[in-house]
Amino acid sequence: MIGELLFFLVLGIGGLAAVEEVERKVKQPNIVMMVSDDLGWADMPWHDSLAIAPTLTGLADSGIILERHYVQPICSPTRSALMTGKYPSRLGLNHMTINAGEPYGLGVDEKTIANHLKDLGYATHLSGKWHLGYCSWGLTPTQRGFDTSFGYYNGHETYFSKIT
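Please read all numbers here as calculations on a predicted model, not as lab measurements. (Residues numbered from 1 in each chain as written. Predicted model: local features only at pLDDT ≥ 70, side-chain atom pairs only at ≥ 80, totals over all residues. Heavy atoms only, no water.)

A. Layout of unusual backbone geometry. One non-glycine residue, histidine 131, lies in the positive phi region at around 55°. Among the structural elements, histidine 131 can be located in the loop between strand S1 (125-129) and strand S2 (148-152). (Helix = DSSP H or I, 4+ residues; strand = E, 2+ residues; numbered from the N terminus.)

Here is the structure:
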């Protein structure tokens, strides 16, 4: 009886391990999050047929449009809220943008959406403007949960001139 019970327990534990392994191999959905500054409501083709953007329309049609994220009138507060899920006033970033050379940024103790996605096994990449501080490496995107970052740290820069 004890031998049968032991065999049952070992088989049961092995079965659970196999189920966990199968669950880990399930493919996670891809997540592409795009933030566009200074757009009006009708600047997106799903709100105005005169706006033509077939690639954006295709992404929107096959995904989820999050358009109820209430933003601040300037960059850094909006990005801090989106990255952390917290109001900018709770982060001390509600009044102005983080300008070039300023010695602060999004607090290093704040966990970003990239950190959360990394915890779930995602690869994370940032392309574009960071605008959440860069006066120390601990404030830069690759130290905030992103595997790679291609773009620029500050605002008022173009991809062509590299002037801020």
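Alright, that's what it looks like, and here's the rest.
B. Quick peek at the packing of aromatic side chains. Following the criterion strictly, the structure yields two aromatic pairs and no others. Consider the rings of tryptophan 130 and phenylalanine 146, whose centres lie 6.1 Å apart with planes at 85°: the pair is edge-to-face. A residue pair is termed long-range when its members are at least 10 positions apart, and tryptophan 130 in the loop between S1 and S2 and phenylalanine 146 in the loop between S1 and S2 qualify at 16 residues. Each of the two residues, tryptophan 130 as well as phenylalanine 146, counts as buried. Seen from their ring centres, tyrosine 134 and tyrosine 153 are 5.5 Å apart, and the 20° between their planes marks the pair as stacked. Of this pair, tyrosine 134 sits in the loop between S1 and S2 while tyrosine 153 sits in the segment after S2; the two residues are 19 residues apart in sequence, bridging distant segments of the chain. Tyrosine 134 sits in the partly exposed class, given a relative accessible area of 29%. (Phe/Tyr/Trp six-rings, centres within 6.5 Å; stacked < 30°, edge-to-face > 60°. Buried < 20%, exposed > 50% of the residue type's maximum accessible area, 1.4 Å probe, protein only.)

C. Looking closely at the layout of surface pockets. Space inside the largest pocket adds up to approximately 1,500 Å³. Residue lining of the largest pocket: 36 residues in total, with Met34, Val35, Ile65, Leu66 and Glu67 positioned closest to the centre. Within the residue set of the lining of the largest pocket, elements represented by two or more residues are helix H2 (54-61), helix H3 (75-84) and helix H5 (113-119). Here the residues of the lining of the largest pocket are counted per class, giving 23 nonpolar, nine polar and four charged. Approximately 600 Å³ is the volume attributed to the second largest pocket. Along its surface, the second largest pocket is lined by 23 residues, and Met33, His125, Leu126, Ser127 and Phe146 are the ones closest to its centre. (1 Å grid on protein atoms, 1.4 Å probe; cavity = no way out; pocket = protein on both sides within 12 Å on 5 of 7 lines; lining within 4 Å. Points joined across faces, edges and corners; volume = space filled by probe spheres on them. Nonpolar A, V, L, I, M, F, W, Y, C, P; charged D, E, K, R; others polar.)

D. Expanded view of the pattern of salt bridges. Under the definition given, this model contains three salt bridges. Residue lysine 86 pairs with glutamate 110 through a salt bridge whose shortest N-O separation is 2.7 Å. Of the two residues, lysine 86 is situated in the loop between H3 and helix H4 (88-91) and glutamate 110 in the loop between H4 and H5; the sequence distance between them amounts to 24 residues. The exposure class assigned to glutamate 110 is buried, which follows from its relative accessible area of 15%. Of the charged contacts, one joins lysine 111 and aspartate 119 as a salt bridge, the two residues approaching to 2.5 Å between their closest N and O atoms. (Salt bridge = Lys/Arg side-chain N within 4 Å of Asp/Glu carboxyl O.)

E. Summary view of a nonpolar patch on the surface. Together, Ile31, Met33 and Val35 give the surface a local cluster of nonpolar side chains, amounting to about 260 Å² of exposed area. Note on placement: isoleucine 31 falls in the loop between helix H1 (2-25) and H2. Here isoleucine 31 falls in the exposed class, since its relative accessible area comes to 51%. (Patch = residues over 30% accessible without salt bridge, like charges linked within 9 Å, V, L, I, M, F, W, Y side chains within 5 Å. Areas by Shrake-Rupley, 256 points an atom, 1.4 Å probe, with all protein chains shown as cover.)

F. Region of the structure containing H3. Within H3, nine of the ten residues are buried, which leaves it mostly tucked inside the rest of the structure. For H3, every residue scored as buried is listed here: Cys75, Ser76, Pro77, Thr78, Arg79, Ser80, Ala81, Met83 and Thr84. At its buried positions, H3 is contacted by H4, H5 and S1. Glycine 85 lies just past H3 and shows a positive phi near 80°. (Contact = heavy atoms within 4.5 Å.)

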